[in-house]
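# Tertiary structure, described
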Amino acid sequence: MNKREFLARLREGLRGLPREDIEERAIFYSEMIDERLEEGLSEAEAVGKLGPVSDVVAQILADTPPAESVREKSKPRGRVRAWEIVLLVLGFPVWFPLLIAAFAVLLAAVIVLWALVISLWAVDASLLGCVLGGAVSAAAFFLRGNGLTAAAMLAAGLCCAGLAIFCFFGCKAVTKGALWLTKKTASGVKHLFMGKETA
Amino acid sequence: MDSQLKRGLLDVCVLAAIKSEDSYGYRIMNDLKPYLELSESTLYTILKRLETAGMLTVRTAEHGGRLRKYYHITGEGLRRIREFREDWKEILSIYRFVVKEDEHE
């Protein structure tokens, strides 16, 4: 068993004790494992030294005054929730428009970002168009016997081709960055709400 | 051993382990190993009890890229050790009396 598994099972076994007490115990045991790791033991060995999780949990529960576990179980959760609801309702005219505004700003930022990406790709596409145009006009001038202009057109087309290739890599990088930023923003918003749900 | 007496002994042992300098959980356990075998759970309970009683304070310090809790003895903790030494004299005299009476039989 590794450290994470041990701590997860410990937390699970201590459910019913005050939350801060569980966390404090988890920190204590985590420190004990870290100290043994520092001594050169493997993670499994360091965890093994603490004994089976069930024994650890049983001993902690035996050492804990019964009042503590009862206190956590009988916490007036309902009343806290009720207060939260009252606050939410009373604050609705304030927080709701603010929330909408925040969303609008965020959405606008994402749209601006993607508009920039699209415009960059449009530049690249127009450069490609110039390559085609250059080639076609070079052929036309050549057929009409205007060799010098045809060569100039061909050169301009080639320049555009070079620029298009150069721009392509730039566009790719910017698109990647925009994708990453959008994903981050989306997950940030998601976490914000998940956090609120659990609080 | 009487549980009340044992509890008192354990408290003083842990206080003695942090008397000369601040120490941390794992070191306290190792320092006490030659005298008594303490489980992590017991040590945690003792440290918590002593902290609540104001006999030690806890501070967290960075060590090797992680956090470690250090325990520091307070004036109250030092007083408890002195008290223990006084109590022990009394216990020893009672012990001598008990042994003497027992041998007379």
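Structure's up top.
Residues numbered from 1 in each chain as written. Chains lettered and ligands numbered in written order. Predicted model: local features only at pLDDT ≥ 70, side-chain atom pairs only at ≥ 80, totals over all residues.

## A short note on the interface of chain B and chain A
Spelled out, the test is: What counts as a contact is two residues whose backbone-derived C-beta atoms lie within 7 Å of each other. Strands are runs of DSSP state E lasting at least 2 residues, helices are runs of H or I lasting at least 4, and numbering of each runs from the N terminus. Nonpolar residues are Ala, Val, Leu, Ile, Met, Phe, Trp, Tyr, Cys and Pro. Charged residues are Asp, Glu, Lys and Arg, and all others, Gly as well, are polar.
Each partner contributes to the interface: chain B provides twelve residues, whereas chain A provides 13 residues. Elements that contribute at least two residues to the side of chain B that touches chain A include exactly α2 (25-32), α3 (40-52) and β3 (66-73) of chain B. The dominant element in the side of chain B that touches chain A, judged by the number of residues it contributes, is α3 of chain B, at five residues. When the residues that make up the side of chain B that touches chain A are grouped by side-chain class, the tally is two nonpolar, six polar and four charged.

## A short note on the nonpolar core
Burial of nonpolar side chains together is a common tendency in soluble globular proteins. Worth spelling out the cut-off: In plain words, the nonpolar core is the set of buried Ala, Val, Leu, Ile, Met, Phe, Trp, Tyr and Cys residues that C-beta atoms within 7 Å link up. Buried residues are those with 20 or more other C-beta atoms within 10 Å of their own C-beta, exposed residues have 12 or fewer, and partly exposed residues lie in between; C-beta atoms are placed from the backbone.
Val14, Leu15, Ile18, Leu47 and Leu50 of chain B are the most contacted members of the largest nonpolar core, which has 16 residues in total. Only α1 (3-17), α2, α3 and β3 of chain B provide two or more residues apiece to this core. In terms of residue count, the dominant contributor to this core is α3 of chain B (five residues). With sequence-adjacent residues up to four places away left out, Leu50 of chain B is seen in contact with Asp11, Val14, Leu15, Met55, Leu56 and Gly77 of chain B. In this structure, Leu14, Ala46, Leu50 and Ile60 of chain A belong to the second largest nonpolar core, which totals eleven residues.

## With respect to the sheet that holds strand β2 (residues 56-63) of chain B
Residues and elements named next belong to chain B. Counted only if it meets this: Each pair of strands is called paired provided DSSP finds at least two bridges between the two strands.
Sheet architecture is open: three strands sit in the order β1-β3-β2, paired in antiparallel fashion. Of all the strands in the sheet, the pair left with one neighbour each is β1 (23-24) and β2. Sheet topology places β1 next to β3; two bridges connect them, and they run antiparallel. Residue pairing across strands places Ser23 opposite Tyr71, the latter belonging to β3.

## Considering the environment of Leu148 of chain A
When you line up the elements, Leu148 of chain A lands in helix α8 (residues 147-198). Taking C-alpha positions, Leu148 of chain A is 9.4 Å from Ala138 of chain A, a pair spaced ten residues apart along the chain.

## Description of α3 of chain B
Residues and elements named next belong to chain B. Put simply, the test is: For a helix, the expected span equals 1.5 Å multiplied by the residue count minus one.
Here α3 spans 18 Å end to end across 13 residues, near enough to the 18 Å set by a 1.5 Å rise per residue. Those residues of α3 not exposed but buried are Glu40, Ser41, Leu43, Tyr44, Thr45, Ile46, Leu47 and Leu50. Positioned one or two residues after α3, Gly54 has a phi angle of 75°, which is positive.

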